[in-house]
Amino acid sequence: MFIDLHMHEMRNSGDSYLTLEEIVEIAKKKGLDAICITDHDNMDIRSFAKEYSAKTGYPIFVGIEFYSLQGDIIAYGIEDYPRERISAQEFIDFVREQGGVCYSAHPFRNNRRGMEEHLDEVTGLSGIEVLNGSTHREACMKAAEYAKKLDLIPVGASDCHVPEKVGVCATYFPMEIQSETDLVRAFRSGGMKPAYYKDGAYHIVEIDDMDAFPREEWISSRKNKERG
């Protein structure tokens, strides 16, 4: 399965120009098997996403992109989240106490929202976003180095805020993911790989061969005003 793990919807991410309906329509056309809405410091779309998923028969999971004091972290499998900024380690512990999982989003993006070298200071992360649809190739390459160094799962995601970014990067799952419980379980078992969309299909990128990742315009341009 190919799943976009990091997406923003306009109802609760003020920098997004996408409705959930638009995201699902584009995701289906590109061949994504499921999507994850991860709004900024917010999970209020959960009820609507559940209803729309049931209506369309398309898997929609809801997580969060939390802006910790050391940078953005994506989390799944939680019912609650802090209403104020706390340290990355505190947030990771908070997620794990609820039985959830989390990964570092675009850790080396040049906008002061990635964890950067703070990755060396925390424990409990499950993965690192090594392909991000709105992050320069060089920053993605550095993230991949850290994923190998820290033995964390390398994932890909679009981080979309506008239609043309939906699904430009995704993650390959070697198992069926039909629920958020399945998603959490997958992060605990591993085996996922980052992928990018080109010529009507998804292409898996091996973490040890990131040099083969093409220099695409979408990876180096920042047309939209997203925070992360």
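Residues numbered from 1 in each chain as written. Predicted model: local features only at pLDDT ≥ 70, side-chain atom pairs only at ≥ 80, totals over all residues. Heavy atoms only, no water.

Engineer: Mind laying out the packing of helix H1 (residues 20-30) against helix H2 (residues 46-56), listing which residues take part and the relevant values?
Structural biologist: Closest axis-to-axis distance for the H1/H2 pair is 11 Å, and the angle between their directions is 40 degrees. Relative to H2, the element H1 lies oblique. For the crossing formed where H1 meets H2, the hand is right-handed. Contacts from Leu20, Glu21, Val24 and Lys28 of H1 reach H2 at Phe48, Ala49, Tyr52 and Thr56. Residues belonging to the contact of H1 with H2 are distributed by class as follows: 5 nonpolar, 1 polar and 2 charged. (Axes fitted to C-alpha atoms, helices over the stretch in contact; angles between N-to-C directions. Helix = DSSP H or I, 4+ residues; strand = E, 2+ residues; numbered from the N terminus. Parallel < 35°, antiparallel > 145°, perpendicular 65-115°, else oblique. Left-handed = near helix turned anticlockwise from the far one by under 90°. Contact = heavy atoms within 4.5 Å. Nonpolar A, V, L, I, M, F, W, Y, C, P; charged D, E, K, R; others polar.)

Engineer: Lay out the packing of aromatic side chains in plain terms, naming residues and giving numbers.
Structural biologist: Describing an aromatic ring pair means giving the distance of the ring centres and the angle of the ring planes. Counting across every chain of the model gives 10 aromatic pairs. With a centroid separation of 5.3 Å and 20 degrees between ring planes, the pair formed by Phe2 and Tyr202 is classed as stacked. Of this pair, Phe2 sits in strand S1 (residues 2-7) while Tyr202 sits in strand S11 (residues 201-204), and the two are 200 residues apart along the sequence. As far as the burial class goes, Phe2 and Tyr202 line up, both buried. Seen from their ring centres, Phe66 and Phe91 are 4.3 Å apart, and the 15 degrees between their planes marks the pair as stacked. (Phe/Tyr/Trp six-rings, centres within 6.5 Å; stacked < 30°, edge-to-face > 60°. Buried < 20%, exposed > 50% of the residue type's maximum accessible area, 1.4 Å probe, protein only.)

Engineer: How would you summarise the environment of Lys193 if you had to cite specific residues and measurements?
Structural biologist: Mapped onto the elements, Lys193 comes out in strand S10 (residues 193-198). Judged by its relative accessible area of 29%, Lys193 falls in the partly exposed class. Each C-alpha atom of the pair Lys193 and Thr171 lies 5.6 Å from the other, and the pair is 22 residues apart in sequence. With sequence-adjacent residues up to four places away left out, Lys193 is seen in contact with Pro154, Ala170, Thr171, Tyr172, Ile204, Val205 and Glu206.

Engineer: Go over the pattern of salt bridges with me, naming the residues and quoting the values.
Structural biologist: Throughout the structure, instances matching the rule amount to 12 salt bridges. A salt bridge links Glu117 to Lys142, with the shortest nitrogen-to-oxygen separation between them at 3.3 Å. Of this pair, Glu117 sits in the loop between strand S6 (101-104) and strand S7 (127-132) while Lys142 sits in helix H4 (residues 137-150); the two residues are 25 residues apart in sequence, bridging distant segments of the chain. Using a relative accessible area of 37% as the deciding quantity, one classes Glu117 as partly exposed. We note a salt bridge from Arg185 to Asp182, for which the minimum N-O separation is 2.9 Å. Of the two residues, Arg185 and Asp182 are both situated in helix H5 (residues 180-189); the distance of 3 residues between them amounts to about one turn of the helix. Relative accessible area serves as the criterion here: at 48%, Arg185 is assigned to the partly exposed category. The class for Asp182 is buried, based on a relative accessible area of 18%. Here the salt bridges do not stand alone but share partners, grouping Glu9, Arg11 and Glu21 into one network. (Salt bridge = Lys/Arg side-chain N within 4 Å of Asp/Glu carboxyl O.)

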